[in-house]
Amino acid sequence: MSLTFHWFLPTNGDSRHVVGGGHGTPVTAAGGDRPPSVGYLTQIARAAEDLGFTGALTPTGAWCEDAWLTTAMVSRHTERLKFLVAFRPGFVSPTLAAQMASTYQRQTGGRLLLNVVTGGESHEQRAYGDFLDKEARYARTGEFLSVVRGLWDGKTVDLAGEHLRVEDATLARLPDPVPEVYFGGSSPIAGQIAARHVDVYLTWGEPPAQVAEKIAWIRALAAEQGRTLRFGIRLHVITRDTSEQAWAEARRLLDGFSPETVRAVQSGLARSESEGQKRMLALHGGSRDGLEIHPNLWAGIGLVRGGAGTALVGSHAEVAERIAEYHRLGIDEFVLSGYPHLEEAYWFGEGVLPLLRARGLWSHPARPATAAQPAAQVPFAGSGSA
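The structure displayed is predicted, hence computed values, not measured ones.

Engineer: Describe the overall build of the protein chain, naming the residues involved and giving the relevant values.
Structural biologist: Across its full length, the protein chain carries 13 helices and 13 strands. The C-alpha atoms of the protein chain give a radius of gyration of 20 Å, which matches the 21 Å a tight globule of 386 residues would have. For the protein chain, the spread of C-alpha atoms along the three principal axes comes to 60 × 55 × 45 Å. Taken over 386 residues, the protein chain has a buried fraction of 58%.

What follows is the structure, encoded as structure tokens:
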């Protein structure tokens, strides 16, 4: 099975420095260096499309532009790239969301993927008029996905749930294809939701041993439901021609984190209700020391950014080997990003993807290997780090 790679559209702004924010914390000053205009985001999307990424994740929350509207505009300037649109099910009715997704598929030629984000910050949810607690939000997500899935299957749906109620709900036009649903969560109820409703379970970039535990957990829950899921991982990347160059870039980024910014961001993230965010914070403990938590896995990003807080750092060969390591655990999809997103897309796309193609782990979605240029001719060197 060929690995699938997605990139990221920084609708919170981009920079040569790490743009912090997320999970209830504001975007840091670096977010103003490259504002998230449709023009700039289109540059990133077109680069990702050309390099061979399948899709691009767009985040959700008060810290960024709206994902539905932004990707709809960017889609008009791309041809193949899919958009992994993050959205919170508590903010829109399930019938309307199913209809929006169906429209999106027709207008873009089937290029929508959905990343369902339940929301782990009650204070941010309340700003949008949602006053349920975390457990209730997850229960509502389950009801929401039951309605949406039923509508996409062409059913007439009636639901009198604890949190949602619809009567005689139908779609006049069904989505073709039906969008795949991506979802992440580390709490027990999140696992149950994933097992019953989603296509791809996403985890943030924890060390391989922890990722293996999550995969085993979700696989077992899905098996109880008679279902099989795919697995993906969300990571940043800093990849260069040599390991020394990559780690020098990581140190440059780290030097840009002022102590005051780190303290402010960590204080904000400490109140997060998200189990995944708590696991991210535990990887670095707010300290600048010991940030390489597994070979080529760096927890420095999480000092100033909520959500995904780890990066693969190293030579192209080292990063390719770490990706192969995660794949051996069961990860088939990689949702990646890097600062700045335009330049880092090229570093990864031109440096790492050819090595993975040489190993038979990846092929360009629009450019399969030809007899004149077989992928196996691209050399691969093993990991050179300790």
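Alright, that's what it looks like, and here's the rest.
Engineer: Tell me about the packing of helix α7 (residues 208-224) against helix α11 (residues 316-329), and name the residues and values.
Structural biologist: Where α7 meets α11, the closest approach of the two axes is 9 Å, and the angle between their N-to-C directions is 30°. Comparing their axes, α11 and α7 come out roughly parallel. Note on packing geometry: the crossing formed by α7 with α11 is right-handed. Across the interface between the two elements, Pro208, Val211, Ala212, Ile215 and Arg219 from α7 touch Glu325, Tyr326 and Leu329 from α11. Residues of the contact of α7 with α11, tallied by class, amount to 6 nonpolar, no polar and 2 charged.

Engineer: Give me the pattern of salt bridges: which residues, what numbers.
Structural biologist: According to the stated counting rule, one finds 19 salt bridges in the structure shown. Linking Glu343 and Arg34 is a salt bridge whose minimum nitrogen-to-oxygen distance equals 2.9 Å. Of the two residues, Glu343 is situated in helix α12 (residues 341-351) and Arg34 in the loop between β1 (4-8) and α1 (38-51); the sequence distance between them amounts to 309 residues.

Engineer: Lay out the packing of aromatic side chains with the relevant residues and their values.
Structural biologist: Tallied over the full model, the rule gives 10 aromatic pairs. Between the aromatic rings of Phe91 and Tyr128, the centroid separation amounts to 4.5 Å while the plane-to-plane angle is 20°, which identifies the pairing as stacked. Residue Phe91 is found in the loop between β3 (82-87) and α3 (94-108), and its partner Tyr128 is found in the loop between α4 (122-127) and α5 (134-152); the two are separated by 37 residues along the sequence. An aromatic cluster is built from Phe5, Trp7, Phe53, Phe334 and Phe348, whose rings are joined through pairwise contacts.

Engineer: Give a detailed account of the side chain of Lys214, specifying residues and quantitative values.
Structural biologist: Its location among the elements puts Lys214 in helix α7. Dropping the residues within four chain positions of it, Lys214 is found in contact with Ser186, Tyr201, Thr203, Glu206 and Arg279.

Engineer: Tell me what's going on with the pairing of strand β7 (residues 181-184), and back it up with residues and numbers.
Structural biologist: Bridge count for strand β4 (residues 112-116) against β7 is 3 bridges, and the pairing is parallel. Bridged to Val116 within β7 is Phe183. In terms of strand pairing, β7 meets strand β8 (residues 200-204) through 3 bridges, oriented parallel. Looking at the pairing, Gly184 lines up with Leu202 of β8. As for the winding sense of the linkage, the β-α-β connection from β7 through helix α6 (residues 188-197) to β8 is right-handed.

Engineer: Would you mind going over the nonpolar core in detail, with residue names and values included?
Structural biologist: Core analysis: the biggest nonpolar cluster contains 77 residues, and Phe5, Ile323, Tyr326, Phe334, Phe348 and Leu356 have the highest contact counts within it. With residues up to four places along the chain from it excluded, the contact list for Phe334 reads Leu3, Thr4, Phe5, His6, Ile233, Ile323, Tyr326 and His327. Among the nonpolar cores identified, the runner-up in size contains 22 residues, and Val19, Trp247, Met280 and Ala299 belong to it.

Engineer: Explain the pairing of strand β6 (residues 165-169) to me, using residue names and the numbers behind them.
Structural biologist: The pairing of strand β5 (residues 157-160) with β6 spans 3 bridges and is classified as antiparallel. Of the residues in β6, the one forming a bridge with Leu159 is Val166. Hairpin connection of β5 to β6: 4 residues between the antiparallel strands.

Engineer: Requested: an account of the environment of Pro188, with residues and values cited.
Structural biologist: Along the polypeptide, Pro188 turns up in helix α6. When its relative accessible area of 63% is taken as the criterion, Pro188 is described as exposed. Through-space distance from the C-alpha of Pro188 to that of Glu135 is 9.8 Å; in sequence the pair is 53 residues apart.

Engineer: Which residues make up unusual backbone geometry, and what values do they have?
Structural biologist: Residue Pro177 follows Asp176 across a cis peptide bond; omega there is 0°. Looking at the element boundaries, Pro177 is found in the loop between β6 and β7. Cis geometry is adopted by the peptide bond preceding Pro340, which originates at Tyr339 and carries an omega value of -15°. Within the fold, Pro340 resides in the loop between β13 (333-337) and α12. Positive phi, normally seen in glycine, also occurs at Asp168, with a value near 55°. In this fold, Asp168 is placed in strand β6. Located in the positive-phi region is Asn296, a residue other than glycine, with phi close to 70°. In this structure, Asn296 sits in the loop between β10 (292-294) and β11 (297-298). Overall, the relative accessible area of 0% leaves Asn296 in the buried class.

Engineer: Which residues make up α12, and what values go with them?
Structural biologist: Of all the positions in α12, only His341, Leu342, Glu344, Ala345, Phe348, Gly349 and Gly351 are classed as buried. Packing partners of the buried residues in α12 comprise β1, α1, β9 (230-240), α11, β13 and α13 (353-358).

Engineer: Requested: an account of the environment of Ala308, with residues and values cited.
Structural biologist: Secondary-structure assignment places Ala308 in the loop between β11 and β12 (311-315). For Ala308, a relative accessible area of 2% puts it in the buried group. Sequence separation between Ala308 and Ile233 is 75 residues, and the spatial gap between their C-alpha atoms is 9.6 Å. Those residues within four positions of Ala308 in sequence are excluded, and the remaining contacts are Trp204, Arg234, His236, Met280 and Ile301.

Definitions and limits used
Residues numbered from 1 in each chain as written. Predicted model: local features only at pLDDT ≥ 70, side-chain atom pairs only at ≥ 80, totals over all residues. Heavy atoms only, no water. Helix = DSSP H or I, 4+ residues; strand = E, 2+ residues; numbered from the N terminus. Rg over C-alpha atoms; globule rule 2.2 N^0.38 Å. Buried < 20%, exposed > 50% of the residue type's maximum accessible area, 1.4 Å probe, protein only. Axes fitted to C-alpha atoms, helices over the stretch in contact; angles between N-to-C directions. Parallel < 35°, antiparallel > 145°, perpendicular 65-115°, else oblique. Left-handed = near helix turned anticlockwise from the far one by under 90°. Contact = heavy atoms within 4.5 Å. Nonpolar A, V, L, I, M, F, W, Y, C, P; charged D, E, K, R; others polar. Salt bridge = Lys/Arg side-chain N within 4 Å of Asp/Glu carboxyl O. Phe/Tyr/Trp six-rings, centres within 6.5 Å; stacked < 30°, edge-to-face > 60°. Pairing = 2+ DSSP bridges. Right-handed = clockwise from strand over helix to strand, strands pointing away. Core = buried A, V, L, I, M, F, W, Y, C linked by side-chain atoms within 4.5 Å.

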